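# Descriptive structure summary
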Amino acid sequence: MSTRATADATSKDLEPLTEPAAWKALQAHYEKVRGLHLRNLFANDPDRGERMTVETAGIFLDYSKNRITDETVKLLVRLAEESGLRSRIDAMFRGEKINVTEKRAVLHVALRAPKGTSIVVDGENVVPQVHAVLDKMADFSNRVRSGAWKGHTGKRVRNVINIGIGGSDLGPVMALEALRSYSQRDMTFRFVSNVDGTDFAEAVQDLDPAETLFIVSSKTFTTLETMTNAHTARSWSLAGLNGDEKSVARHFVAVSTNAREVAKFGIDTANMFEFWDWVGGRYSMDSAIGLSTMIAIGPENFRSMLDGFHQMDEHFRTAPFEHNLPALMGLLTVWYTDFFGAQTVAILPYEQYLKRFPAYLQQLTMESNGKHVSLDGAQVARDTSPIYWGEPGTNGQHSFYQLIHQGTRLIPCDFIAFGRPLNPVGRHHDILLANVFAQAEALAFG
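### Digging into the sheet that holds strand β7 (residues 188-192)
Taken in spatial order, the five strands of this open sheet run β7-β6-β8-β9-β10, and their pairing is parallel. Looking at strand neighbours, the two that pair on one side only are β7 and β10 (272-273), the edges of this open sheet. Where strand β9 (residues 252-255) meets β10, two bridges bridge the pair, whose relative direction is parallel. Opposite Ala 254, over in β10, you have Met 272 as the bridge partner. Across the face of the sheet, helix α9 (residues 224-240) comes into contact with β6 (159-163), β7, β8 (212-217) and β9 while running at roughly 160° to β8.

### Remarks on the environment of Ala 444
Relative to the helices and strands, Ala 444 resides in helix α17 (residues 428-445). Looking at Ala 444, the relative accessible area reads 2%, which means it is buried. Expressed as a C-alpha distance, the spacing of Ala 444 and Lys 65, which sit 379 residues apart in the sequence, is 6.0 Å.

### Remarks on the confidence of the model for the chain
Averaged over the chain, the pLDDT score is 94; the fraction of residues at 70 or greater is 96%. Per-residue pLDDT stays below 50 along residues 8-18; that stretch engages in 26 contacts with residues further than four places along the chain or on separate chains.

### Section: the pattern of salt bridges
Counted according to the given criterion, the structure contains 24 salt bridges. Note that Arg 303 is salt-bridged to Asp 135, the shortest N-O span being 2.8 Å. Of this pair, Arg 303 sits in helix α13 (residues 299-318) while Asp 135 sits in helix α6 (residues 127-146), and the two are 168 residues apart along the sequence. For Arg 303, a relative accessible area of 30% puts it in the partly exposed group.

### Let's talk about the packing of helix α7 (residues 170-178) against helix α15 (residues 357-369)
For the pair α7 and α15, interaxial distance at closest approach is 9 Å and the crossing angle is 150°. Comparing the axis directions of α7 and α15 gives the class roughly antiparallel. When you trace α7 past α15, the crossing you get is left-handed. Residues Leu 170, Gly 171 and Met 174 of α7 form the contact with α15, whose participating residues are Phe 357, Ala 359, Tyr 360 and Gln 363. Along the lines of polarity and charge, the residues of the contact of α7 with α15 split into five nonpolar, two polar and no charged.

### Things to note about the environment of Leu 224
For Leu 224, the position within the fold is in helix α9. Given a relative accessible area of 63%, Leu 224 falls into the exposed group. The spatial distance from the C-alpha of Leu 224 to the C-alpha of Val 195 is 8.4 Å, given a sequence separation of 29 residues.

### As for α9
Along an α-helix, a turn takes 3.6 residues, which lines up residues three or four apart on a common side. For α9, with 17 residues, the first-to-last C-alpha span of 25 Å sits near the 24 Å given by 1.5 Å per residue. Buried within α9 are the following residues: Thr 226, Met 227, Asn 229, Ala 230, Ala 233, Arg 234, Trp 236, Ser 237 and Leu 238. Phi turns positive one or two residues past the end of α9, at Asn 242, with a value near 60°.

### Focus: the packing of aromatic side chains
By convention here, two paired aromatic rings are described through the distance between centres and the angle between planes. Evaluation of the coordinates by the stated rule reveals 21 aromatic pairs. Look at Tyr 30 and Phe 339: their rings are 6.4 Å apart centre to centre, the planes differ by 50°, and that puts the pair in the tilted class. Of this pair, Tyr 30 sits in helix α1 (residues 21-33) while Phe 339 sits in the loop between α14 (325-338) and β11 (344-349), and the two are 309 residues apart along the sequence. As far as burial versus exposure is concerned, Tyr 30 and Phe 339 are alike and both buried. On the basis of an interplanar angle of 85° and a centroid distance of 6.4 Å, the ring pair of Phe 200 and Trp 236 is categorised as edge-to-face. One end of the pair, Phe 200, is in helix α8 (residues 197-204); the other, Trp 236, is in helix α9, with 36 residues separating them in the sequence. Residue classification places Phe 200 among the buried positions, given a relative accessible area of 6%. An aromatic cluster of at least three residues, connected via ring pairs, comprises Trp 23, Tyr 30, Trp 335, Tyr 336, Phe 339 and Phe 340. Directly above the aromatic system of Phe 273 lies the positively charged group of Lys 136, at a separation of 5.2 Å from the ring centroid. The side chain of Arg 382 reaches across the aromatic face of Trp 23, ending 3.9 Å from its centre.

The rules behind these values
- Residues numbered from 1 in each chain as written.
- Predicted model: local features only at pLDDT ≥ 70, side-chain atom pairs only at ≥ 80, totals over all residues.
- Heavy atoms only, no water.
- Pairing = 2+ DSSP bridges.
- Helix = DSSP H or I, 4+ residues; strand = E, 2+ residues; numbered from the N terminus.
- Contact = heavy atoms within 4.5 Å.
- Axes fitted to C-alpha atoms, helices over the stretch in contact; angles between N-to-C directions.
- Buried < 20%, exposed > 50% of the residue type's maximum accessible area, 1.4 Å probe, protein only.
- pLDDT = per-residue confidence, 0-100.
- Salt bridge = Lys/Arg side-chain N within 4 Å of Asp/Glu carboxyl O.
- Parallel < 35°, antiparallel > 145°, perpendicular 65-115°, else oblique.
- Left-handed = near helix turned anticlockwise from the far one by under 90°.
- Nonpolar A, V, L, I, M, F, W, Y, C, P; charged D, E, K, R; others polar.
- Expected span 1.5 Å × (residues − 1).
- Phe/Tyr/Trp six-rings, centres within 6.5 Å; stacked < 30°, edge-to-face > 60°.
- Lys NZ or Arg CZ within 6 Å of the ring centre and 35° of its normal.

Laid out in structure tokens, this is it:
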């Protein structure tokens, strides 16, 4: 379940904007509703809590606790339509090169497309390539998980360390933490990203090189931070395995496209897992970049995760904007950022397994939308991405909620909670849910 609520606060005036026409209509509408309080909106429209909801792919979105009316939603949908959002969505799913600066397709949706689907890039259906890599990942994961894959000394692998940075780290870290309950518990999974040597030193502090497998994730195999850490890992591994260069092939695999550099490092290119230029790093966790995740949770669970992604993809592709969960959340962000002048969005997961979700969203949203020029290269006339931040509940309630409740800034808040706990311990989950509902209600109504 996800719900968004906002604290009441004074908002700034915006400079007049010209196009499209829906923007002018929204500006005029904003002037009429800017002073409305959610207490009054609910008092005058008691059914809004049931009407302003969307449910799909196991996710229930309640967006009623936003400073909006039905007219706001209509105008935001009109803005999306006038801006050509539908045609852009269709172009993305067709594999057109909508990344105009790099002249590339943007096809993370192909990574979770079912077998038999056709998504064509440069005249070639890429879906069979995707599933060939997934099958290769599954075979390797099963060998590692079962102990069939042996290290150089004949010991089974008990420790897996992913070395990457940016999208090659944040997605896998988030996914592993989110799905830890499903992970193989007789194995240890760690991540190294920072070029600060402390990150590597702490990751291997208590590990046996003979039982440790490194996954080096770098498309070009030249990324400075990743390759610095990879060479340090290589030296550490060799020092623990009597300096035998042949051991590298049993303790290192690569997620890359640069076979030459991979081979020069000492990795068997048979254990190189490919991904493609049409996968942006921040969207790559369900490609071969997710190999550490697949080893942790198993190929079957990994494919279940991809199926969930695909269900949301299809909802986003086909649902009308007024009932489209991702589109509505995006439009609400425009509403708060460009009309109310909100500068941040708080992501508040009431689920300890999602502790790395805010950090993952920071890259996903701020790298995607943190631009100051439009598609045609012109300077943008309005604010782009807000700053995303957050902390799991209930920890945040004893940290920064005072500012959200009683400060002077307007901070939209996305609350995330789950109906059923993975660890049903006493009354913990009941208390957790009581807190998330109470906080959303207090922010909405005061």
